[in-house]
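Chain by chain, the residues run as shown.
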Amino acid sequence: YMDALELARRGLGDEHRTTLNLMNDLGRLYNELGRAEEAEKLHVEALETQRRLLGEDHPKTQWSKYNLARVRELQGRLGEAERLFSETLETRRRVLGEGHADTLRSKDRLARIYARQGRHDEAERMERDALDGRRATLGDDHPDTIRSMNSLAWELLTGEPAGSRDPQAALSLALEANERDEYRNYNHLDTLALAYHLTGNTEKAVEVQRKAISMLPAGESADRAALEEALRTYEAALERGVR
């Protein structure tokens, strides 16, 4: 990406659409690598250029704004991330429509920001809105719809206050998500295991969590540590129950 961007800047100029696309591609990669400052620099440059050339409402401009919002989320600047995601959601609703894939992506990210801010009622409503939109426009078997099922299930299992949680409804959603993607996604299996645990079937939770861990790629990762910690919790609870 760095080589391609350098060539595009030199051969096509900083304002060419290919150059701007590469800025966003490299910026997203930096964000995935945790290199937020480098990602921020590229997304700000792309956003400012696209605003000037294409206007605020253009889908390309909105993508750059969305990407910058994700950088702010990584940086922990949740207020700024919320503002940017909210702006992309409002513009995409108006320009692209309520059921457009980009509009639904903005809803997803905004729901995550609400959850991190402790605004779980708003997060749940936004997750439900995104899921309903995907069921209507993409169908129940689309990967994005299945991810929405999982996200809503997780919110119903972990939201605060604890009294607002609905493990039984979460279990139904998690089962549907896993059945539709044929139990091949370790994140979805992790959600299902927690749903089993919180509905009193800890033996099944242990079984499902072990399957989730078996599907992880080799090597250490934050995902592996989190899944193994959850497994230890379920195993300890199961041992206490047996005793």
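Helix and strand counts for the protein come out as 12 helices and zero strands. Listing every helix and strand of the protein by position from the N terminus yields α-α-α-α-α-α-α-α-α-α-α-α. When its C-alpha atoms are laid out on the principal axes, the protein stretches across 70 × 40 × 30 Å. Taken across its 243 residues, the protein has 43% of its residues classed as buried. Where the 38 positive side-chain charges of the protein centre and where its 46 negative ones centre are 2 Å apart.

So, on to the layout of surface pockets. Within this model, the largest pocket holds a volume of roughly 1200 Å³. Mapped by element, the contributors of at least two residues to the lining of the largest pocket are α2 (17–32), α4 (59–74), α6 (101–116), α7 (120–138), α8 (143–158), α10 (186–198) and α12 (222–242). At eight residues, α8 tops the list of elements feeding residues into the lining of the largest pocket.

Moving on, we come to the packing of aromatic side chains. Under the criterion given, the structure shown has two aromatic pairs. Relative to Tyr66, the ring of Trp63 has its centre 5.1 Å away and its plane inclined at 75 degrees; by these criteria the two rings are edge-to-face. Highlighted residues: Trp63 and Tyr66, both in helix α4, separated by three residues, approximately one helical turn. Of the residues examined, Tyr66 reaches a relative accessible area of 5% and is grouped as buried. Taken together, the ring pairs in this structure connect Trp63, Tyr66 and Phe85 into an aromatic cluster. Stacked on the ring of Trp63, the Lys or Arg Arg92 has its end atom at 4.8 Å from the ring centre.

To continue, consider empty space enclosed by the protein. To locate leftover empty space, one rolls a probe as large as a water molecule over the atoms. Under the defined criterion, the tally for this structure stands at one cavity of 30 Å³ or more. Volume-wise, the largest cavity comes out at about 50 Å³. Surrounding the largest cavity, His120, Glu124, Glu155, Leu156, Gly159, Ser164 and Arg165 form its lining. Here the lining of the largest cavity is composed, by residue class, of one nonpolar, three polar and three charged.

This part covers a nonpolar patch on the surface. A contiguous nonpolar surface patch, about 310 Å² in accessible area, is contributed by Tyr1, Leu29 and Leu33. According to the relative accessible area criterion, Leu33 is exposed, its value standing at 53%.

Glancing now at the pattern of salt bridges. Inspection of the entire model under this criterion finds 38 salt bridges. A salt bridge links Glu6 to Arg10, with the shortest nitrogen-to-oxygen separation between them at 3.6 Å. Of the two residues, Glu6 and Arg10 are both situated in helix α1 (residues 2–12); the distance of four residues between them amounts to about one turn of the helix. The class for Glu6 is partly exposed, based on a relative accessible area of 47%. As a salt-bridge pair, Glu80 and Arg77 come within 3.0 Å of each other at their nearest N and O atoms. Looking at Arg77, the relative accessible area reads 31%, which means it is partly exposed. One salt-bridge network, in which partners are shared between bridges, spans Arg51, Glu56, Lys65, Arg83 and Glu87.

Generally speaking, a soluble globular protein has its nonpolar side chains buried in company with each other. If you look at the biggest cluster of nonpolar residues, it comprises 29 residues, and the most contacted ones within it are Leu173, Leu192, Tyr196, Val208, Leu227 and Tyr234. Of all elements in the fold, only α8, α9 (167–180), α10, α11 (202–214) and α12 reach the threshold of two or more residues within this core. Per element, the largest residue contribution to this core is seven residues, and it comes from α10. Tyr66, Leu110, Ile113 and Tyr114 belong to the second largest nonpolar core, which has 15 residues in total.

So, about unusual backbone geometry. With the exception of glycine, the majority of residues adopt a negative phi angle, and the majority of peptide bonds are in the trans configuration. Cis geometry marks the peptide bond from Glu160 to Pro161; its omega dihedral reads 0 degrees. As for its position among the elements, Pro161 is in the loop between α8 and α9. Here Glu182, not a glycine, exhibits a phi torsion of approximately 60 degrees, which is positive. As for its placement among the helices and strands, Glu182 is situated in the loop between α9 and α10. Look at Tyr183: it is not a glycine, yet its phi comes out positive at around 55 degrees. Assignment of secondary structure puts Tyr183 in the loop between α9 and α10.

What counts and what doesn't
- Residues numbered from 1 in each chain as written.
- Predicted model: local features only at pLDDT ≥ 70, side-chain atom pairs only at ≥ 80, totals over all residues.
- Heavy atoms only, no water.
- Helix = DSSP H or I, 4+ residues; strand = E, 2+ residues; numbered from the N terminus.
- Buried < 20%, exposed > 50% of the residue type's maximum accessible area, 1.4 Å probe, protein only.
- Lys, Arg positive; Asp, Glu negative; His and termini not counted.
- Charge placed at Lys NZ, Arg CZ, Asp CG, Glu CD.
- 1 Å grid on protein atoms, 1.4 Å probe; cavity = no way out; pocket = protein on both sides within 12 Å on 5 of 7 lines; lining within 4 Å.
- Points joined across faces, edges and corners; volume = space filled by probe spheres on them.
- Phe/Tyr/Trp six-rings, centres within 6.5 Å; stacked < 30°, edge-to-face > 60°.
- Lys NZ or Arg CZ within 6 Å of the ring centre and 35° of its normal.
- Nonpolar A, V, L, I, M, F, W, Y, C, P; charged D, E, K, R; others polar.
- Patch = residues over 30% accessible without salt bridge, like charges linked within 9 Å, V, L, I, M, F, W, Y side chains within 5 Å.
- Areas by Shrake-Rupley, 256 points an atom, 1.4 Å probe, with all protein chains shown as cover.
- Salt bridge = Lys/Arg side-chain N within 4 Å of Asp/Glu carboxyl O.
- Core = buried A, V, L, I, M, F, W, Y, C linked by side-chain atoms within 4.5 Å.

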